[in-house]
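Tertiary structure, described
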Amino acid sequence: MRALLPSWSDWRPALRSPGADLLSGLIVALVALPLALGFGISSGLGAAAGLATAVIAGAIAAVFGGSRFQVTGPTGAMTVVLVPIFHQHGASGVLAVGLLAGIVLVGLSVAGVGRAVRYMPAPVIEGFTAGIAVVIALQQFPSALGIAHAHGEKVWQSAADAVSQFFAQPHFLALGIALVVAAIVLIGGRLMPKLPFAVLAVAAATVAARVFDLDVAPIGTIPSGLQAPALGFLHPDQLGSLLAPALAVAALAALESLLSATAADAMAVGTRHNPDRELFGQGLANIVAPLFGGVPATGAIARTAVNVRSGARTRLAALIHAAILAAIIYLAAPLVAYIPLAALAGVLLATTARMVETASLAAIARASKGDAAIMVVTFLVTVALDLVSAVAVGVGIAVLLALRAVAKEARLHQIPLTPPVDDTDHLTEEHDLLHDHIVAYRLDGPLFFAAAHRFLLELAEVSDVHVVILRMSHITALDTTGALVLKDAIGKLEHRHIVVLMSGLREDHRRRLAAIGALPTGGADHLFDHTPDAIACARYLAPTLAGSTP
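Everything quoted here is computed from the prediction, not taken from an experiment. Every chain is numbered on its own, with residues counted from 1 as its sequence reads. Given that the model is predicted, a residue must reach a pLDDT of at least 70 before its local features are reported, and side-chain atom pairs must reach 80 or more before they are shown or counted; all residues, however, enter totals for whole chains, interfaces and linings. Side-chain measures were taken over the full set of non-hydrogen atoms in the model, leaving aside hydrogen atoms and water.

**Focus on the overall build of the chain**
Each helix is a run of DSSP H or I of at least 4 residues and each strand a run of E of at least 2, with the numbering of both proceeding from the N terminus. On a plain count of helices and strands, the chain comes out with 22 helices and eight strands. Our radius of gyration is a C-alpha quantity, and the globule rule it is checked against amounts to 2.2 Å times the number of residues to the power 0.38. What you see for the chain is a C-alpha radius of gyration of 32 Å, clearly larger than the 24 Å of a compact globule of 550 residues, by over 25%. Along the first, second and third principal axes, the C-alpha atoms of the chain reach 105 × 60 × 55 Å. Counting all 550 residues of the chain, 50% fall into the buried class. Residues count as neighbours in contact if any of their non-hydrogen atoms are within 4.5 Å of one another. For the chain, restricting intrachain contacts to residue pairs at least 6 apart in sequence, the fraction spanning at least 24 positions comes to 82%. Between buried and exposed lies partly exposed: a residue is buried under 20% and exposed over 50% of the maximum accessible area for its type, with that area taken using a 1.4 Å probe on protein chains only.

Okay, here's the thing in structure tokens:
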């Protein structure tokens, strides 16, 4: 536990030279403001929930997290998971799920499973990232088109309904604002990436809407200050039905936060995050944020990248970002309430455009058909169903393809029984052994459930022999299925009066084969440490077996 808690060394550099962190924290706060508002609205709990999440979760994760550059808050990926929870369980269900997910994350950190994200296949990551971008874009269709109520259980269904309503009664003002804001954010960000064009564009749209009295829907009333909801959202009778969504939220929070921290390490020189401590910090953040009406949070890749590129040096930058957002809540909440929803939709549309790395997608698509298939399936499941299902399906396909590739490495080779010292003598002796109906096979690679049945077919069909020598020293892995299949093959050979000898059997493999009765019937007399000893035994047995019918 001591390794998971903050230490003085985390803050000593910040107190010595805070200037760079103060400036970076200000820039990140300006970038995070419209995103927090937008993701709060998209989740169903409103803009105030998004701001509360950015402040509370952002501050706690900055202090307790495992990365000195990580910026935590509401994210688009989490919003995708929260929308169906909100529709099924309401706002109280979302708050309860966030708290439960935080408890799970703390448990994962104590168990030390933070390093598991390193084994996530790259095609899965790229596939669900692209899928998330599409889902977030679809979520913005109602606001961007000026549609107050769009119906549909899935995001793509509500987007289609919004489009249908828009064409039935077009309203181009909201669409124009969204497109202009998105264009300003994208073009301005490319030309001058350090300027907060999202805030500038939203501010300009808000001023224009007020001055010209434009008919566009605003965010609405924002509470002046953080307000703790009643703890009535923790209904004991609902905990059972909320457990599965909480596990899904915890899995997503762990995955996205650790990926974001890894990306921060890649952008900064000489840094490395602590994955278990990062989970601990995210867990605490998600436990406390719902107590102030906040939605579940994760490390935010886009805001973390802005933090690093703005010159952040320590955790102070992320903490300053949270403090500035808190000041906005207390001092400027009435102004925030006038922001047009279409303007926030434009910011999020621009965000989705920057989420997709086309070069990475193209590289994976060119790498192999298998990787391309994993990426495409993960993308489609993310858009059509949900993110957790997409990750499960993508990882499942990746595992199956990996097992198939490993299984192809397994081989059954018929090998020469004499060393090729002299070609003439070698061929003569080999001919004599074949004349005595003695053959040897070497088993290479893993003998496990994905490959074992090929050995059964190849080995059991051996014919016109009296003795089969199995050289086992090159088997890299042997599971119970492989042992059972080998037992079946040996049984079929011995049923045809073919003697089976083994050489080079590892001790752990010997124990496994013995435990299920998969050793040759001769027992220890038919097991040899070295292949020459097995050959000598085969020569001794061959004359005795010559009269039997193989």
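**With respect to the side chain of Asn286**
Mapped onto the elements of the fold, Asn286 is located in helix α11 (residues 275–288). Residue Asn286 is classed as buried on the basis of its relative accessible area, which comes to 2%. Polar contacts involving the side chain of Asn286 include one to the main-chain carbonyl oxygen of Gln282, which spans 2.8 Å. Sequence-distant contacts of Asn286, defined by excluding residues within four places in its chain, comprise Gly98, Leu99, Gly102, Leu105, Pro296 and Ala297. Here a polar contact is recorded for every N or O atom pair within 3.5 Å, except that within protein the pair must consist of a potential hydrogen donor and a potential acceptor, and residues adjacent in sequence are included only if both atoms are side-chain atoms.

**Points about the confidence of the model for the chain**
Values of pLDDT, which run from 0 to 100, indicate the predictor's confidence residue by residue. Looking at the chain, the pLDDT average stands at 83 and 91% of residues meet or exceed 70. Per-element mean pLDDT across the chain ranges from 52 in helix α18 (residues 423–435) up to 96 in strand β1 (residues 72–73).

**Describing the pattern of salt bridges**
Only one rule defines a salt bridge in this text: a Lys or Arg side-chain nitrogen within 4 Å of an Asp or Glu carboxyl oxygen. According to the stated counting rule, one finds four salt bridges in the structure shown. The salt bridge involving Asp444 is made with Arg442; its shortest N-O contact spans 2.9 Å. By relative accessible area, which is 13% here, Asp444 ends up buried. Exposure remark for Arg442: the relative accessible area of 22% places this residue in the partly exposed category. Salt bridges sharing partners connect three or more residues here, namely Glu507, Arg510 and Arg511.

**Regarding the packing of helix α9 (residues 197–211) against helix α14 (residues 341–355)**
Axis geometry follows a simple rule: fit a line to the C-alpha atoms, using only the stretch in contact for helices, then measure angles between N-to-C directions, giving values from 0 to 180 degrees. The geometry of α9 relative to α14 is characterised by a closest axis approach of 9 Å and an angle of 160° between their N-to-C directions. On the basis of their axis angle, the class for α9 and α14 is roughly antiparallel. Two packed elements cross with a definite hand, and for α9 against α14 that hand is right-handed. Side by side, α9 and α14 meet where Ala198, Val202 and Ala205 of the first sit next to Ala343, Leu344 and Val347 of the second. In this classification, the charged set is Asp, Glu, Lys and Arg, the nonpolar set is Ala, Val, Leu, Ile, Met, Phe, Trp, Tyr, Cys and Pro, and all remaining amino acids, among them Gly, are polar. Considering only residue class, the contact of α9 with α14 consists of six nonpolar, no polar and no charged. Working rule for angles: under 35 degrees goes down as roughly parallel, over 145 as roughly antiparallel, 65 to 115 as roughly perpendicular, anything else as oblique. Left-handed describes a crossing whose near helix is turned anticlockwise from the far helix through less than a right angle; right-handed describes the clockwise counterpart.

**Some points on the pairing of strand β5 (residues 467–471)**
With respect to burial, β5 is a largely interior element, four of its five residues being buried. Across five bridges, β5 lies against strand β7 (residues 499–503) in parallel orientation. Bridged to Val468 within β7 is Val500. Strands are labelled as partners when DSSP assigns at least two bridges between them.

**Considering the environment of Gly102**
Checked against the element boundaries, Gly102 lands in helix α4 (residues 76–111). Separated by 186 residues in the primary sequence, Gly102 and Val288 place their C-alpha atoms 8.4 Å from one another.

**A few points about α14**
Given a rise of 1.5 Å per residue, 15 residues ought to cover 21 Å, and the 21 Å separating the end C-alpha atoms of α14 matches this to within 8%. By the burial criterion, the buried members of α14 are Ala342, Ala343, Leu344, Ala345, Gly346, Val347, Leu348, Ala350, Thr351 and Thr352. In this structure, the buried side of α14 is in contact with α2 (19–43), α5 (122–139), α6 (141–144), α8 (172–191) and α9. In this scheme, a helix's expected span is set at 1.5 Å multiplied by one less than its residue total.

**Description of helix α7 (residues 155–168)**
An α-helical segment advances 3.6 residues per turn. Residues three or four places apart therefore align on the same side. For α7, spanning 14 residues, the distance from its first C-alpha to its last is 20 Å, which sits close to the expected 20 Å at 1.5 Å a residue. Looking at α7, one finds that the buried residues are Val155, Ser158, Ala159, Ala162 and Phe166. End-on view of α7: buried residues confined to an arc of 100°, all on one side of the axis. The exposed set on the far side of α7, more than 90 degrees from its buried face, consists of Phe167 and Ala168. Read the arc as the range of directions from the helix axis to the C-beta atoms.

**A short note on the nonpolar core**
Only buried residues count toward a nonpolar core, which is a set of Ala, Val, Leu, Ile, Met, Phe, Trp, Tyr and Cys residues joined through side-chain atoms within 4.5 Å. By size, the foremost hydrophobic cluster in this structure holds 79 residues, and its most contacted members are Leu37, Phe128, Val181, Ile219, Ile222, Val249 and Leu325. Counting residues per element, this core draws most heavily on α4, at eleven residues.

**Here's the deal with the packing of aromatic side chains**
Here is the rule: rings of Phe, Tyr and Trp (six-membered ring for Trp) pair when centre to centre is within 6.5 Å. Planes less than 30 degrees apart are stacked, more than 60 are edge-to-face, and the remainder are tilted. Tallied over the full model, the rule gives three aromatic pairs. A ring pair is formed by Phe64 and Phe280, whose centres lie 6.5 Å apart and whose planes are at 70°; its orientation type is edge-to-face. Residue Phe64 is located in helix α3 (residues 47–64), and its partner Phe280 is located in helix α11; the two are separated by 216 residues in the primary sequence. In this structure Phe64 comes out as partly exposed when scored by relative accessible area, which is 26%. Since its relative accessible area comes to 6%, Phe280 is described here as buried.

**Details of the packing of α5 against helix α15 (residues 358–367)**
Orientation of α5 relative to α15, taken along the N-to-C sense of each, is 135°, at an axis distance of 10 Å. What the angle tells us is that α5 and α15 run oblique. Crossing geometry of α5 relative to α15 is assigned as left-handed. Of the residues in α15, those touching α5 at Ala122, Pro123, Glu126 and Ala130 are Ser360, Leu361 and Ile364. A per-class count over the contact of α5 with α15 returns five nonpolar, one polar and one charged.

**A look at the side chain of Glu278**
Position of Glu278 among the secondary structure elements: in helix α11. In this charge count, Lys and Arg are treated as positive and Asp and Glu as negative; neither His nor the chain ends contribute. Summary of buried charges: Glu278 has no salt-bridge partner, and the nearest side chain of opposite charge, Arg315, is 6.2 Å away.

**Considering a nonpolar patch on the surface**
Nonpolar side chains collect at one region of the surface, where Leu186, Ile187, Leu191, Met192 and Leu195 lie side by side and expose about 480 Å² of accessible area between them. Secondary-structure assignment places Met192 in the loop between α8 and α9. In this scheme, patches are assembled from residues that exceed 30% relative accessible area and form no salt bridge. Like charges are connected within 9 Å, while nonpolar side chains (Val, Leu, Ile, Met, Phe, Trp, Tyr) are connected within 5 Å. Per-residue and other accessible areas follow the Shrake-Rupley method at a 1.4 Å probe size, with only the shown protein chains counted as cover for residues.

**Thoughts on unusual backbone geometry**
At Asp213, a position not held by glycine, the phi torsion is positive, near 50°. As for its placement among the helices and strands, Asp213 is situated in the loop between α9 and α10 (239–267). The class for Asp213 is exposed, based on a relative accessible area of 68%. One non-glycine residue, His497, lies in positive phi territory at about 65°. Here His497 lies in the loop between α20 (480–495) and β7.

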